[in-house]
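Examination of the molecular architecture
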Amino acid sequence: YGVGFPGNQGGGGFNETELTIMASATSVASKVPSELTVRDFLLNGEQTKRAGAYRVWVACDSPVAIAAGVQLFFENKFLTSYSYNVPALNNPGQTQHTWTCTDSATPSLEIYKAQVSLDGLHSVPSNMSEWIDLSYVEKEKRVAGSRRNYFGMYDTYFLTGTQASAVSVTMGDSSHQMRLDMESLIGTRPAVAIQTYTSPPCIAEASAYWADI
């Protein structure tokens, strides 16, 4: 929807962000290509489909999406709220991606906020599908996987040198474990790439006009 804030996330849609670690189940780790680079992974995916994104935390502003994620995909998912302003067909003129993830238990505190600028950057097309999502199911002591496909090409921007400043992630003052884990796993490390995917609209209706008969 382009722009939204807590209580009005955008016409019934929902928003979420994931803190993930690229990983594989130990039982198949030996079959993951040892020469796989980050660039290869982002451009072409991991074609053995044994490595994927282990979801440490998934912060989401929809109770329905949280229930589905937990019950169907074993996600470590929790309720939060977002304010955001990002490029979209319904938000013309916006060029930067900005969003803030708020601690729902203490709405005055932020888990993190982020800003991404594509100004001056050039993308290359890439195809990562299908994407493997991984979750650890504590009750079963097992890893569960699911396959996600994006039906189209990604735009991938590799960042070198000062281009890393195109991405800014600032940790908030929330004591939520996601914020603590982000600080430990990411901290002040620079970004290496930006990857975007935009779903094509399924329908569009122009404004009304007077149809003289």
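Refer to the structure presented above.
None of the values given here were measured: they were computed from a predicted structure.

Calculation criteria
- Residues numbered from 1 in each chain as written.
- Predicted model: local features only at pLDDT ≥ 70, side-chain atom pairs only at ≥ 80, totals over all residues.
- Heavy atoms only, no water.
- Buried < 20%, exposed > 50% of the residue type's maximum accessible area, 1.4 Å probe, protein only.
- Helix = DSSP H or I, 4+ residues; strand = E, 2+ residues; numbered from the N terminus.
- Arc of directions from axis to C-beta.
- 1 Å grid on protein atoms, 1.4 Å probe; cavity = no way out; pocket = protein on both sides within 12 Å on 5 of 7 lines; lining within 4 Å.
- Points joined across faces, edges and corners; volume = space filled by probe spheres on them.
- Polar contact = N/O pair within 3.5 Å; in protein donor to acceptor, adjacent residues only side chain to side chain.
- Contact = heavy atoms within 4.5 Å.

For helix α2 (residues 63–73), the set of buried residues is A65, I66 and G69. The buried residues of α2 all sit within an arc of 105 degrees when viewed along its axis, so they share a single face. Facing away from the buried side of α2 by more than 90 degrees, the exposed set consists of P63, V64, Q71 and L72. Among the residues trailing α2, F74 stands out with phi positive, at a value near 60 degrees.

What follows is about empty space enclosed by the protein. Enumeration over the complete set of coordinates arrives at 1 cavity of 30 Å³ or more. Space inside the largest cavity adds up to approximately 50 Å³.

Our focus in this paragraph is the side chain of S62. Secondary-structure assignment places S62 in the loop between β3 (51–60) and α2. Only 3.2 Å separates the side chain of S62 from the backbone nitrogen of A65, close enough to count as a polar contact. Ignoring anything within four residues of it in the chain, the contact list for S62 reads F14 and L79.

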